[in-house]
Amino acid sequence: MTLDELNVLFHLREELEELHELRNALLEKATSTTAPMTGMPHTGNATDKVAQFAAEIADIDGRIEEEQAEIEEKEKRIAAWAATIRSIKVRLAFRLRFLQGFAWKEVADIFGNYTSEAAVKQMCYNYLKRIESNPK
């Protein structure tokens, strides 16, 4: 497992959040019942706003499903890998950081007052370097 492979989850979760935000914005636009105040008289051109955005919403829904499936697959792979780590502290650091999405500072806070963010990060990076230089 490499740092890049571990960081994929962060990027996937960010993309998923963006997709949810876009979907919500489109849905809001499609279902909004408030007419814009332009000061101009209405022309009587009725449009089906839901139909205008339906294809885009459906496309985003498909992407959301794909992202969620990919996230689940990556989480299973990382969880299985983390389960092989002998050190409880190192294993917990990897699980909190890469599976739960905690910030390094939050992981350090869980480990106690005398553990710094840099120390937790270095512990994980050292472990990755160690396994990279000694593959099984």
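Everything that follows concerns the structure shown earlier in this document.
Residues numbered from 1 in each chain as written. Predicted model: local features only at pLDDT ≥ 70, side-chain atom pairs only at ≥ 80, totals over all residues. Heavy atoms only, no water.

Participant: What's the story with the packing of helix α3 (residues 88-99) against helix α4 (residues 104-111) in this structure? I'm lost.
Facilitator: The axes of two packed helices give the description: the angle between them and the distance between them. Where α3 meets α4, the axes come as close as 9 Å, and the angle between the chain directions of the two elements is 140 degrees. In this structure, α3 crosses over α4, and the sense of that crossing is right-handed. Note on element contacts: α4 touches α3 through W104, V107, I110 and F111, opposite K89, L92, A93, L96, R97 and F98. Along the lines of polarity and charge, the residues of the contact of α3 with α4 split into eight nonpolar, no polar and two charged. (Axes fitted to C-alpha atoms, helices over the stretch in contact; angles between N-to-C directions. Helix = DSSP H or I, 4+ residues; strand = E, 2+ residues; numbered from the N terminus. Left-handed = near helix turned anticlockwise from the far one by under 90°. Contact = heavy atoms within 4.5 Å. Nonpolar A, V, L, I, M, F, W, Y, C, P; charged D, E, K, R; others polar.)

Participant: Mind showing me how you'd approach the packing of aromatic side chains here?
Facilitator: The geometry of two aromatic rings is summed up by the distance between their centres and the angle between their planes. A full pass over the atoms with the stated rule returns seven aromatic pairs. Their ring planes at 65 degrees and their centres at 5.8 Å tell us that F94 and Y127 sit as a pair that is edge-to-face. Of this pair, F94 sits in helix α3 while Y127 sits in helix α5 (residues 117-133); the two residues are 33 residues apart in sequence, bridging distant segments of the chain. The ring of F98 carries the charged tip of R97 above its face, separated from the ring centre by 5.9 Å. (Phe/Tyr/Trp six-rings, centres within 6.5 Å; stacked < 30°, edge-to-face > 60°. Lys NZ or Arg CZ within 6 Å of the ring centre and 35° of its normal.)

Participant: For this particular structure, what's the right way to read the packing of α4 against α5?
Facilitator: At a minimum axis separation of 8 Å, α4 and α5 run at an interaxial angle of 100 degrees. With respect to α5, the element α4 is oriented roughly perpendicular. For the pair formed by α4 and α5, the contact residues are W104, K105, V107, A108 and F111 on the first element and E117, V120, K121, M123, C124 and Y125 on the second. Looking at the contact of α4 with α5 residue by residue, the classes come out as eight nonpolar, no polar and three charged. (Parallel < 35°, antiparallel > 145°, perpendicular 65-115°, else oblique.)

Participant: Even after reading the chapter, I still don't get the nonpolar core, so can you show me in this structure?
Facilitator: Generally speaking, soluble globular proteins have nonpolar side chains that are buried together. One finds L6, W81, I85, F94 and V120 to be the most contacted residues of the largest nonpolar core, which totals 31 residues. Of all the secondary-structure elements, those providing two or more residues to this core are α1 (3-31), α2 (49-82), α3, α4 and α5. L6 has contacts with M1, I78, W81, F94, F98 and L128, leaving out every residue within four places of it along the chain. (Core = buried A, V, L, I, M, F, W, Y, C linked by side-chain atoms within 4.5 Å. Buried < 20%, exposed > 50% of the residue type's maximum accessible area, 1.4 Å probe, protein only.)

Participant: Could you clarify how one ought to interpret the side chain of R97 in this entry?
Facilitator: Relative to the helices and strands, R97 resides in helix α3. Summary of buried charges: R97 has no salt-bridge partner, and the nearest side chain of opposite charge, E106, is 6.8 Å away. Separated by 3.1 Å, the side chain of R97 and the backbone oxygen of F102 make a polar contact. With sequence-adjacent residues up to four places away left out, R97 is seen in contact with F10, F102, A103, W104 and V107. (Lys, Arg positive; Asp, Glu negative; His and termini not counted. Salt bridge = Lys/Arg side-chain N within 4 Å of Asp/Glu carboxyl O. Polar contact = N/O pair within 3.5 Å; in protein donor to acceptor, adjacent residues only side chain to side chain.)

Participant: What should I look at first to understand the pattern of salt bridges in this one?
Facilitator: Close approach of charged atoms allows side chains with opposite charge to pair. This structure, assessed with the given rule, holds six salt bridges. Note that E67 and R63 form a salt bridge whose closest N and O atoms lie 2.8 Å from each other. In this pair, E67 and R63 both sit in helix α2, four residues apart, roughly one turn of the helix. When its relative accessible area of 33% is taken as the criterion, R63 is described as partly exposed. Within this structure, R63, E66 and E67 form a network of salt bridges that share partners.

Participant: What exactly am I supposed to notice about α5 here?
Facilitator: For α5, built from 17 residues, the straight-helix expectation of 24 Å at 1.5 Å per residue is met to within 8% by its first-to-last C-alpha distance of 24 Å. Among the residues of α5, those classed as buried are V120, C124, Y127 and L128. For α5, the angular spread of buried residues about the axis comes to 95 degrees, placing them on one side. Along α5, exposed side chains directed more than 90 degrees from the buried face belong to A118, K129, E132 and S133. (Expected span 1.5 Å × (residues − 1). Arc of directions from axis to C-beta.)

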